[in-house]
There are 2 protein chains.
Amino acid sequence: MNLKQLSEMLGLSQTTVSRALNGYPEVNEATRERVLRAVQETGYRPNKAAQRLATGKAGSIGLVMPTAPGHYSDVHFGEFLTGLGEEAVRHDFHFVIMPADPDDEVGALRRLAISGNVDALFVAYMRGHDPRLPLLKSLSMPFLVHGRSFGIEPDYPYLDIDNEGAFYDATRLLLQLGHTRFCLLNGPEHLDFAIRRKKGVVSALAERGLELPENCTSHMSMTDEHGQFAMERFLQLPEPPTAILCSSTVLALGAIRAVTQAGLKLGEDISLIAHDDVLPHLKPENFSVPLTTTRSSLRAAGVRIAERLIGTVKQDGPFPEQELWKTELIVRASTGAAPR
Amino acid sequence: MNLKQLSEMLGLSQTTVSRALNGYPEVNEATRERVLRAVQETGYRPNKAAQRLATGKAGSIGLVMPTAPGHYSDVHFGEFLTGLGEEAVRHDFHFVIMPADPDDEVGALRRLAISGNVDALFVAYMRGHDPRLPLLKSLSMPFLVHGRSFGIEPDYPYLDIDNEGAFYDATRLLLQLGHTRFCLLNGPEHLDFAIRRKKGVVSALAERGLELPENCTSHMSMTDEHGQFAMERFLQLPEPPTAILCSSTVLALGAIRAVTQAGLKLGEDISLIAHDDVLPHLKPENFSVPLTTTRSSLRAAGVRIAERLIGTVKQDGPFPEQELWKTELIVRASTGAAPR
DNA sequence: GTTCGTTGTCAAAGCGCTTTGGAATTTCGG
DNA sequence: CCGAAATTCCAAAGCGCTTTGACAACGAAC
């Protein structure tokens, strides 16, 4: 069933039917009623490809999903996507997901953009000096960035959380509890959030005249295995840390395993604060020792990003170009006074 | 840059350029070279919407992502998607993801299908007597199902793992170890895999004249919280179980917490076997007591499904219509002889 | 009774691509 | 050197939709 058939069936022209469907005013209410009823009965749906070809829009936002053999799927990605989806479904938008090797993000993004398949672009996993940003700016297509790119003038639309502030606050709390030997379990070194979180820790320590030694920070993709591995290394240092900052509850899962296996008590021998993306399957309050966390819902960020992006495409704006969300520091049992 | 401009630039007709690009034989090699070079230089890419309109194909497979406020994002979904993506990227295919309320799966699927935006459909989270199956069959569009639908003649293309066999084998192992009191921590009741796994357990027990009482099975979405909650209930039964079967390592995570908090020893007081989808962030060998599991990689299934689906669209077939993968039963430390 | 807005409708052009049916050119056997 | 076959290219139609510009039909206004 296409427009032509439908209009013939109704004895109307395609124009009139199209207008009736798209809510144009210059069509008789009775006629519109009749058309709408026919659509109900026949189950007619406009062909999106044709619609896109004609209008240049088709209600889709594009994103690149990093994937490759050997590349870990990221729990955080799924959670974020759910948030995007939750909002998109309300507007009958969909996503075009282009899987791409992480080494070819720029190429994939360009292909996606000029494929004429999407109305707007979304990018995440920002890096320092991210090469996608110049591309995006040159593309004359709406886009929105989750995170920011350290080292590049923030003159692009983004939504980010205050990573630096979060880890600054967390570090200060641990300092107040008397800790002096810190370690940081961070995400991959090149990623923007990792850079900023480290910065937060370093500057809080600096205020007390302390440093974060190179061998007390570890950068890795955020799996529990990596967390355990790194924590084991930390515990073997000549002066092992008493305070741990951790970029994800997933990392914390592994790190805590290492702590326990070393016969240490979390919240007594070792204090730990993790960043909590509010992953539904991994709640900090459910850890055997409930975790003190800096919290910001990844999913909520997804919802908001979809909202802004869709709004931009539909020209519902204006939206704030930049948003920086504060995180909450929630104290639970994994932090305690430094052992003496 | 579009075809017309490109062809004018080259002094050729659109036809010739199009043919040169799409590998048709009736074009001079020298001409083809020239066209290809021009494409390189200009960065020309065909408009997918136009291509789709003209050919009816555009290299995309559609899937519905269940999502709603309050609906848990599912780790398994992300992992599976990564597998799909890994294969799709090799063929320059992409996904169109339509988010939809779980209550409106059928409607969303229909909309996606007749939107003219996808070449093939993929569905997962199959239920018993799944209403999407009749729809899919009536749609005259290639599709592939992950899982099966209990109660419907399996005359549709699917890829599934042998859920019943897996849990049958796991139960037998526990029986051989002398266990007699079993509990099953299962996924949502209406889902096909849950139905079959339960069936596997029940039939293995039946062979020994045992039953699985109603209050010894629990159906819920697979988060660690639910796992813990259900396990706590099981442990309060008048005759608590010594053997646990568990539909996911995520559930196991919570269940084990409950076991530990009850002061029981895993692998001694309680034996547990979980199904392992090979989630990279949750490896059974990394549990404090390494987990005995039935294993089948969800990601590998994703790769295979994409391979078949893309092959079908490209008419590369023939592919087997149905595939049933065996799982591996891997014994680790979480299973031991029944306590006496 | 003519003119002028309104209102409801339509025919046709155009979006960027593929593909059909033919035309122009080249090749080659006889 | 001619006619047929093979090669190389082109003009135009068509995919399903939106949108522009125009046209009847109808009162209202002069």
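Residues numbered from 1 in each chain as written. Chains lettered and ligands numbered in written order. Predicted model: local features only at pLDDT ≥ 70, side-chain atom pairs only at ≥ 80, totals over all residues. Heavy atoms only, no water.

Digging into the relation of the copies chain B and chain A
Turning chain B through 180° and shifting it by 0.0 Å along the axis lays it on chain A, with an RMSD of 0.1 Å. Taken together, the rotation angle and the small translation identify this as a two-fold axis. A shared binding surface is used by both copies, with 100% of the interface residues of chain B retained as interface residues in chain A. (Least-squares fit on C-alpha atoms with pLDDT ≥ 70 in both. Contact = heavy atoms within 4.5 Å.)

Here we look at the interface of chain B and chain A
Contacts between chain B and chain A engage 56 residues on the former and 56 residues on the latter. Carbon and sulfur atoms supply 60% of the area buried between chain B and chain A, which totals about 4500 Å² over both sides. If you sort the residues of chain B by the area they bury against chain A, B:Ser73, B:His281 and B:Asn286 come out on top, with a joint share of 12%. At the boundary of chain B and chain A, one finds two salt bridges. Salt-bridge contacts for A:Glu225 lead to B:Lys283; the nearest nitrogen and oxygen are separated by 3.0 Å. At the junction of chain B and chain A, the tally comes to eight residue pairs in polar contact (both at pLDDT 80 or more). Secondary structure elements with two or more residues in the side of chain B that touches chain A: helix H4 (48-55), helix H5 (75-88), strand S2 (94-100), helix H6 (105-114), helix H10 (224-235) and helix H11 (249-261) of chain B. A total of eight residues in the side of chain B that touches chain A trace back to one element, the largest contributor, which is H5(B). (Buried area = accessible area lost by both parts, 1.4 Å probe. Salt bridge = Lys/Arg side-chain N within 4 Å of Asp/Glu carboxyl O. Polar contact = N/O pair within 3.5 Å; in protein donor to acceptor, adjacent residues only side chain to side chain. Helix = DSSP H or I, 4+ residues; strand = E, 2+ residues; numbered from the N terminus.)

Points about helix H3 (residues 29-42) of chain B
Residue and element names in this part refer to chain B. With 14 residues, H3 should reach 20 Å at 1.5 Å per residue; the first-to-last C-alpha distance of 20 Å fits that figure. For H3, the complete set of buried residues consists of Thr31, Arg32, Val35, Ala38 and Val39. Buried residues of H3 fall within an arc of 125° about the axis and therefore sit on the same side. In H3, the exposed positions that point more than 90 degrees away from the buried face belong to Ala30, Gln40 and Glu41. Packing partners of the buried residues in H3 comprise helix H1 (3-10) and helix H2 (14-21). Its side-chain oxygen at 3.0 Å from the backbone nitrogen of alanine 30, asparagine 28 defines the N-terminal cap of H3. Once H3 ends, the next one or two residues include glycine 43, with phi positive near 70°. (Expected span 1.5 Å × (residues − 1). Buried < 20%, exposed > 50% of the residue type's maximum accessible area, 1.4 Å probe, protein only. Arc of directions from axis to C-beta.)

Regarding the protein's contact with DNA strand D
Around DNA strand D sit 28 residues, and of these A:Leu3, A:Arg19, A:Tyr24, B:Ser13 and B:Thr15 come closest. Of all atoms in DNA strand D that approach within 4 Å of the protein, 58% are sugar or phosphate atoms. Take A:Ala50: an N or O atom from its main chain is 3.5 Å from a base nitrogen of DNA strand D. Elements that contribute at least two residues to the surface near DNA strand D include exactly helix H2 (14-21) and helix H4 (48-55) of chain A together with H2 and H4 of chain B. In the surface near DNA strand D, the residues fall into ten nonpolar, 14 polar and four charged. (Near = heavy atom within 4 Å. Nonpolar A, V, L, I, M, F, W, Y, C, P; charged D, E, K, R; others polar.)

Examining the sheet that holds strand S7 (residues 217-219) of chain B
All names here are of chain B. What the six strands build is an open sheet, ordered S7-S6-S8-S9-S10-S12; its pairing is mixed. Pairing within the sheet leaves two strands with one partner each, and these edge strands are S7 and strand S12 (328-330). Here the average twist between neighbouring strands, direction ignored, is 15°. Examined bridge by bridge, strand S6 (residues 182-186) and strand S8 (residues 243-246) share four bridges and lie parallel to one another. Bridge pairing in S8 links leucine 185 to cysteine 246. Along the sheet, helix H8 (residues 163-176) contacts S6, S8, strand S9 (271-276), strand S10 (292-295) and S12; its crossing angle with S8, the most-contacted strand, is approximately 165°. Relative to S6, H10 is tilted by about 160°, and along the sheet it contacts S6, S7 and S8. (Pairing = 2+ DSSP bridges. Axes fitted to C-alpha atoms, helices over the stretch in contact; angles between N-to-C directions.)

Remarks on the domain arrangement of chain A
Each assigned domain of chain A is listed with its residue range as follows: domain 1 (3-46), domain 2 (60-160 + 300-325) and domain 3 (163-297). Once you take the C-alpha centre of each, domain 1 of chain A and domain 2 of chain A turn out to be 36 Å apart. (Domains from an automatic or database assignment.)

Some thoughts on unusual backbone geometry
Both trends apply: most residues other than glycine have a negative phi, and most peptide bonds are in trans. Its identity as a non-glycine residue notwithstanding, A:Tyr125 has a phi of 50°, on the positive side. Despite not being glycine, B:Val278 shows a phi value in the positive range, around 60°. Summarising the element assignment, B:Val278 is placed in the loop between S9 and S10.

Focus: H5(B)
Over its 14 residues, H5(B) extends 20 Å from the first C-alpha to the last, a length consistent with the 20 Å expected when each residue adds 1.5 Å. In terms of residue burial, H5(B) counts as a mostly covered element, since 14 of its 14 residues are buried.

Examining empty space enclosed by the protein
Going through the model one piece at a time under the given rule, you end up with six cavities of 30 Å³ or more. In this structure, the largest cavity encloses a volume near 120 Å³. Considering only residue class, the lining of the largest cavity consists of six nonpolar, six polar and four charged. (1 Å grid on protein atoms, 1.4 Å probe; cavity = no way out; pocket = protein on both sides within 12 Å on 5 of 7 lines; lining within 4 Å. Points joined across faces, edges and corners; volume = space filled by probe spheres on them.)

Considering the side chain of B:Arg197
All names here are of chain B. Looking at the secondary structure, you find arginine 197 in helix H9 (residues 192-207). Within the buried core, arginine 197 has no salt-bridge partner, and the shortest N-O distance to an opposite charge, that of aspartate 277, equals 4.9 Å. Residues contacting arginine 197, with those up to four places away along its chain left out, are Ile161, Asn163, Phe167, Asn186, Ser247 and His275. (Lys, Arg positive; Asp, Glu negative; His and termini not counted.)

Concerning the protein's contact with DNA strand C
Inspection of the region around DNA strand C gives 28 residues, with A:Ser13, A:Thr15, B:Leu3, B:Arg19 and B:Tyr24 positioned closest. Here the atoms of DNA strand C within 4 Å of the protein split so that 59% fall in sugar or phosphate, with bases taking the remainder. Between DNA strand C and B:Leu3 there is a distance of 2.3 Å, counted from a phosphate oxygen to a backbone nitrogen or oxygen. Elements that contribute at least two residues to the surface near DNA strand C include exactly H2 and H4 of chain A together with H2 and H4 of chain B.

A look at the pairing of strand S4 (residues 143-146) of chain A
Residue and element names in this part refer to chain A. Residue alternation in S4 divides its side chains into two sets, Phe143 and Val145 and Leu144 and His146, and both sets are buried. The sheet contact formed by strand S3 (residues 120-123) and S4 spans three bridges and is parallel. Bridge pairing in S4 places valine 123 opposite valine 145. Where the polypeptide runs from S3 across helix H7 (residues 132-137) and back to S4, its parallel neighbour, the crossover connection is right-handed. Strand direction decides the pairing type here: S4 and strand S5 (residues 158-161), joined by two bridges, are parallel. Bridge pairing in S5 places histidine 146 opposite leucine 159. (Right-handed = clockwise from strand over helix to strand, strands pointing away.)

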